[in-house]
Every structure is written in structure tokens, then in C-alpha cells.
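Next come the chains, spelled out residue by residue.
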Amino acid sequence: GAGVSQSPRYKVAKRGQDVALRCDPISGHVSLFWYQQALGQGPEFLTYFQNEAQLDKSGLPSDRFFAERPEGSVSTLKIQRTQQEDSAVYLCASTVGVGNTEAFFGQGTRLTVV
Amino acid sequence: GQQLNQSPQSMFIQEGEDVSMNCTSSSIFNTWLWYKQDPGEGPVLLIALYKAGELTSNGRLTAQFGITRKDSFLNISASIPSDVGIYFCAGQPPAGNNRKLIWGLGTSLAVNP
């Protein structure tokens, strides 16, 4: 596609509910990143994929967070048993090659856990 | 997680004024990036800097990669209302860990027409 597309744009979840956030990167982009952005903060790295391989998941805050990119294109970030502290904007970015300079970001998914 | 020191936190200026913001780090970076984020949108890359001392312009925007590799600044000249938004600096750590960007907390810019 023309840009990075994320869905849904907004998600309200009850505490304890599981959620799945989708990212469609720019077609052909090798690298894909997930970031978490809390209100009034800069983005914080969650995880990185190079094609279908998850090469770095050091930023995932707990084992409730899981990400996959099975075919090297679309990626899904899953959060199990959501907690209020999970409320944030989840940003996806992709780059044409390896590494993360000049990343193109999606609009993000705003998750609110009530 | 680690975040860069970005200042000022917010600015309120008159249209036509010049703006300057900067970012500092306690460790060196190989790359400095400046992004702008509008409400409800993802960050958009403004300028990328790859070498210490590099000075790069993009229209009314000018950014520099500090000689020490621990800082960068962004200048906006002759501000206009559409410059309103949050500006973020981001740094890429040295080679071997090029998978994550470290971000500042942002500078919120308001422009009075």
C-alpha cells in the first residue's frame, strides 16, 4: 500500500480482555517495528521483525504481549488479559531495508483499557 | 525505558518567529532523527543526520548532528501556523544495536497567527 496502515484506529477493552492490533506495512518493506506511546511521552520500542523473523522483542513489557509476522508482511500485536497500564497508542513502523532509520509510521491504534 | 533529554518541553510563539529545540544524551548515537507528530497521527520524519557535525536543511528546517555525537538541534525559521505539533528527536545507538530508536519526550509547539 501507499503507507503503513493500522487497524483498528481506536480500541476500548475491558480489563482482562484480549486484544489484537494489526499492522499492514508498506509493501516490500523488510523491517517492521512496534512502539508503545503513552500520553505525553515519546514512543518506546517494543519489538522488531526482519521479514518474518522476530529479531528483537526486548521491549515487550510482559509475557502478556505477543507479536507475529508469519509471512513477512502483515503483523499482529496481541495483548492478553489487558490491564489499565496497557492503555497507550501502539505505533507500527516499517523501513525498506534492515535497521530503522527513515522509518514510516502508521497512524497508530489508541488502546483504552477500562 | 531510556529516553533522551529534549528541551524545551513546550513553546508558544508568534507566527514568523524562529524556533530552536535540542536533544542531549549521556551516550553517543550513530544517527539522529527529527520527527513531527500531529494529533492522532504517527510521527513523520523531517530530517535524518548520519555524521557528527553534519548540518542538514529541509525547507525552513535545519538540524545539526553534534560533534560529540551526544546532541542535536532543530531550528525552524519563519514559523507558520501549520508548524504546530509535537517535535521528537530520536537517536540510533551504535552499530550492533540498530534495531531500536531512543526517543525524546517531545517539544510541543504552538504558533499564534
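Scroll up for the structure.
Residues numbered from 1 in each chain as written. Chains lettered and ligands numbered in written order. Predicted model: local features only at pLDDT ≥ 70, side-chain atom pairs only at ≥ 80, totals over all residues. Heavy atoms only, no water.

## Some thoughts on the side chain of Arg69 of chain A
Residues and elements named next belong to chain A. What counts is decided by this rule: Labels follow the DSSP assignment, with helices taken as runs of H or I lasting at least four residues and strands as runs of E lasting at least two, numbered in each case from the N terminus. Any residue under 20% of the maximum accessible area for its type is buried, any over 50% is exposed, and the rest in between are partly exposed; the area is computed with a 1.4 Å probe on protein chains only. By the counting scheme adopted, Arg and Lys are positive, Glu and Asp are negative, and His together with the chain ends is not counted. The rule for a salt bridge is simple: a side-chain nitrogen of Lys or Arg has to be within 4 Å of a carboxyl oxygen of Asp or Glu. Two N or O atoms count as a polar contact when they lie within 3.5 Å, although within protein this holds only if one can serve as hydrogen donor and the other as acceptor, and sequence-adjacent residues are included solely when both atoms are side-chain atoms. Two residues qualify as a contact provided that any one of their heavy atoms is within 4.5 Å of a heavy atom in the partner residue.
Along the polypeptide, Arg69 turns up in the loop between β7 (65–68) and β8 (75–79). Buried charge without a partner: Arg69 forms no salt bridge, and the closest opposite charge is Glu52, 7.1 Å away. A polar contact of 2.8 Å, which involves the side chain of Arg69, links it to the backbone oxygen of Ser73. Once you skip the residues sitting within four places of it in the chain, Arg69 turns out to touch Pro25, His29, Val30, Ser31, Leu32, Phe49, Gln50, Asn51, Glu52, Val74 and Ser75.

## Side note on the packing of aromatic side chains
What counts, and what does not: Pairing of aromatic rings covers Phe, Tyr and Trp, the last through its six-membered ring, and needs centres within 6.5 Å; plane angles under 30 degrees mean stacked, over 60 mean edge-to-face, and all others mean tilted.
In total, this model carries eleven aromatic pairs over all chains according to the counting rule given. Aromatic pair Phe105 of chain A and Tyr35 of chain B: ring centres 5.6 Å apart, planes at 85°, arrangement edge-to-face. Taken together, the residues span two chains, with Phe105 of chain A in strand β10 (residues 104–105) and Tyr35 of chain B in strand β4 (residues 31–37). Just as Phe105 of chain A is buried, Tyr35 of chain B falls in that class too. Arranged with centres 6.0 Å apart and planes meeting at 80°, the rings of Phe88 of chain B and Trp103 of chain B form a pair that is edge-to-face. One end of the pair, Phe88 of chain B, is in strand β9 (residues 85–92); the other, Trp103 of chain B, is in strand β10 (residues 102–103), and 15 residues separate them in sequence. The pair Phe88 of chain B / Trp103 of chain B is uniform in exposure class, with both members buried. Three or more aromatic residues joined by ring pairs form one cluster here, namely Phe33, Tyr35, Phe45, Tyr48 and Phe105 of chain A together with Tyr35, Phe88 and Trp103 of chain B.

## A look at the interface of chain B and chain A
Put simply, the rule reads: Here's the idea: put two parts together, see how much 1.4 Å probe accessible area each one loses, and the total over both is what we call buried area. Ten residues, namely Ala, Val, Leu, Ile, Met, Phe, Trp, Tyr, Cys and Pro, are considered nonpolar, four, namely Asp, Glu, Lys and Arg, are considered charged, and the remaining ones, Gly among them, are considered polar.
In this complex, chain B contributes 22 residues to the contact, which on the side of chain A involves 24 residues. Contact between chain B and chain A buries roughly 1900 Å² in total, counting both sides, with carbon and sulfur atoms accounting for 48%. Between the two partners, chain B and chain A, sit zero salt bridges. Inspection of the chain B/chain A interface yields six residue pairs in polar contact (both at pLDDT 80 or more). For the side of chain B that touches chain A, the elements supplying multiple residues, two or more each, are β4, β5 (44–49) and β9 of chain B. A per-element tally of the side of chain B that touches chain A places β4 of chain B first, with four residues. Tallied by class, the residues present in the side of chain B that touches chain A amount to ten nonpolar, nine polar and three charged.

## Points about the sheet that holds strand β3 (residues 19–24) of chain B
Consider a sheet: its strands pair through backbone hydrogen bonds, and that pairing is either parallel or antiparallel. Residue and element names in this part refer to chain B. As a reminder of what qualifies: Strands are labelled as partners when DSSP assigns at least two bridges between them. In this analysis an axis means a line fitted to C-alpha atoms, helices contributing only their contacting stretch, and an angle means the value between N-to-C directions, from 0 to 180 degrees.
A sheet is described by the order of its strands in space; here five strands give the open sequence β1-β3-β8-β7-β6, paired in antiparallel fashion. Taken across any chain shown, the strands that pair with only one partner, and hence form the sheet edges, are β1 (5–7) and β6 (55–58). Across the sheet, the mean angle separating the axes of adjacent strands is 15° when strand polarity is ignored. With three bridges joining them, β1 and β3 adopt antiparallel strand pairing. The residue bridging Gln6 from the neighbouring strand is Cys23, located in β3.

## Focus: the pattern of salt bridges
All names here are of chain A. On inspection of all chains with the given rule, the structure shows five salt bridges over all chains. Two residues, Asp24 and Arg22, come together in a salt bridge whose shortest N-O distance is 2.7 Å. Since its relative accessible area comes to 24%, Asp24 is described here as partly exposed. A relative accessible area of 38% means that Arg22 is categorised as partly exposed. Residue Arg64 is joined to Asp86 by a salt bridge in which the shortest nitrogen-to-oxygen separation is 2.8 Å. With Arg64 in the loop between β6 (53–56) and β7 and Asp86 in the loop between β8 and β9 (88–95), this pair connects stretches of sequence that are 22 residues apart. The class for Asp86 is buried, based on a relative accessible area of 3%.

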